[in-house]
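These are the residues of each chain, in order.
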Amino acid sequence: YRKGFAPDMPGFRHVPFNDIAALRESVVEDTCAVLIEPVQGEGGVIPADPEFLKAARALCDDRGVLLLFDEVQCGMGRTGSLFAFQHYGVEPDGFSLAKALGNGFPIGAFVIREKYREVFSVGSHASTFGGTPLACAAACAVLDTIGNDNLLSRCREASKEIFSGLEKIKVKFGCIKEIRGLGLMIGVVMDDKADGVRKLAQDKGLLVLTAGENVLRLLPPLNVRSEEISAALEIIEQAFGDYSEKKT
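Residues numbered from 1 in each chain as written. Predicted model: local features only at pLDDT ≥ 70, side-chain atom pairs only at ≥ 80, totals over all residues. Heavy atoms only, no water.

Q: Before we move on, could you go through the overall build of the chain and cite the residues and values that matter?
A: Across its full length, the chain holds 6 helices and 10 strands. Relative to a compact globule of 248 residues, whose C-alpha radius of gyration would be 18 Å, the chain shows 20 Å and is just as compact. Counting only C-alpha atoms, the chain reaches 60 × 40 × 35 Å along its principal axes. Within the chain, contacts between residues at least 6 apart in sequence are counted, and of these 62% link residues at least 24 apart. (Helix = DSSP H or I, 4+ residues; strand = E, 2+ residues; numbered from the N terminus. Rg over C-alpha atoms; globule rule 2.2 N^0.38 Å. Contact = heavy atoms within 4.5 Å.)

So, in structure tokens, the structure goes:
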């Protein structure tokens with residue numbers, strides 16, 4: 001992802017995900033904040049270990065630095081709670097939102113604890129799509145819909161249906177190593193590159209993504225119906241069947 005975009009943003013120290021010891025070593029005297037994606041999306045649909053986030057919160061409190069979460073992909077109900085960090089009982093000092101906040105309409109937001117509300121004065125950190133009247137109206141409509149249509153509970157129910165179906169498919173194909181994720185942010189971990197299965201599923205009418213090189217990423221809508229889940233699982237099973245035949 002960095003190819004063609006160098007140089008990287010200076011000042012960051014990258015730490016292996018879920019590695020508490022490495023995190024503790026990386027926070028030094030000049031560290032101002034720790035930034036974590038509670039469920040890694042592009043990194044391979046990897047949920048944080050609960051102990052990792054709890055250790056991060058304790059470390060930041062002890063060292064006097066901010067704990068920031070990236071909820072752009074895992075927030076707004078995607079994991080079955082409004083924000084992914086709510087699964088862990090760990091509250092950040094601030095977190096970012098976008099994408100699903102406007103249901104696809106361009107908007108970005110940064111939520112912070114009240115005690116930090118004076119850090120940025122009005123207009124000191126602007127964004128093209130940060131808060132236009134239309135974008136804010138879209139975001140308010142999204143929040144109303146999540147609450148009024150019980151989308152969080154539907155997300156949790158649909159997640160159980162999909163995980164159950166994928167585990168049955170996993171038994172049939174040795175190329176599937178693991179089913180992981182949270183809510184409707186799901187990764188099918190393979191022993192090889194996942195793009196071949198992605199293309200086969202797409203040819204059969206199902207749009208799925210990849211994460212990293214070897215993870216098939218499933219991000220169905222939060223209001224997905226059971227009949228749609230059954231149809232999608234059937235296509236996924238067929239795609240893995242075709243893929244396995246090609247490999248042999």
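Q: Give a description of the sheet that holds strand β10 (residues 215–218) that names residues and reports values.
A: Strand order in the open sheet made by the 4 strands is β7-β8-β10-β9, with antiparallel pairing throughout. Edge positions in the sheet fall to β7 (176–182) and β9 (209–211), since each has one partner strand and no second. Each strand axis lies, on average, 30° off the axis of its neighbour in the sheet, ignoring direction. As paired elements, strand β8 (residues 185–190) and β10 share 4 bridges and run antiparallel to each other. Among the inter-strand pairings, I186 is bridged to a residue of β10, identified as L218. (Pairing = 2+ DSSP bridges. Axes fitted to C-alpha atoms, helices over the stretch in contact; angles between N-to-C directions.)

Q: Give me the lowdown on the environment of D19, citing residues and values where you can.
A: Structurally, the position occupied by D19 is in the segment before α1 (20–26). Separated by 36 residues in sequence, D19 and A55 have C-alpha atoms that sit 10.0 Å apart. Among the polar contacts made by the side chain of D19, one reaches the main-chain amide nitrogen of A21 at a distance of 3.3 Å. (Polar contact = N/O pair within 3.5 Å; in protein donor to acceptor, adjacent residues only side chain to side chain.)

Q: I'd like a description of helix α2 (residues 50–63), backed by residues and values.
A: Residues that lie three or four places apart on an α-helix share one face, since the helix turns once every 3.6 residues. The end-to-end C-alpha distance of α2, which contains 14 residues, comes to 20 Å, matching closely the 20 Å that a straight helix rising 1.5 Å per residue would cover. Taken together, the buried positions of α2 are F52, L53, A55, A56, R57, L59 and C60. Buried positions along α2 lie against α1, β1 (33–36) and β4 (66–70). Following α2 by one or two positions, G64 adopts a phi angle in the positive range, close to 70°. (Expected span 1.5 Å × (residues − 1). Buried < 20%, exposed > 50% of the residue type's maximum accessible area, 1.4 Å probe, protein only.)

Q: Can you break down helix α6 (residues 226–247) residue by residue, with the values?
A: Relative to the 32 Å expected for 22 residues at 1.5 Å per residue, α6 spans 32 Å between its end C-alpha atoms, a close match to the ideal helical length. Burial in α6 covers these residues: I229, A232, L233, I235, I236, A239, F240, G241 and Y243.

Q: Go over the pattern of salt bridges, please, and point to the residues and values.
A: Per the stated rule, a full pass over the model turns up 20 salt bridges. As a salt-bridge pair, R117 and E118 come within 3.7 Å of each other at their nearest N and O atoms. An identical accessibility class is assigned to R117 and E118; each is exposed. Across the salt bridge formed by R225 and E228, the nearest N and O atoms sit 3.2 Å from each other. With a relative accessible area of 45%, R225 lands in the partly exposed category. Each member of the salt-bridge network shares a partner with another, and the members are R57, D61, E91, D93 and R113. (Salt bridge = Lys/Arg side-chain N within 4 Å of Asp/Glu carboxyl O.)

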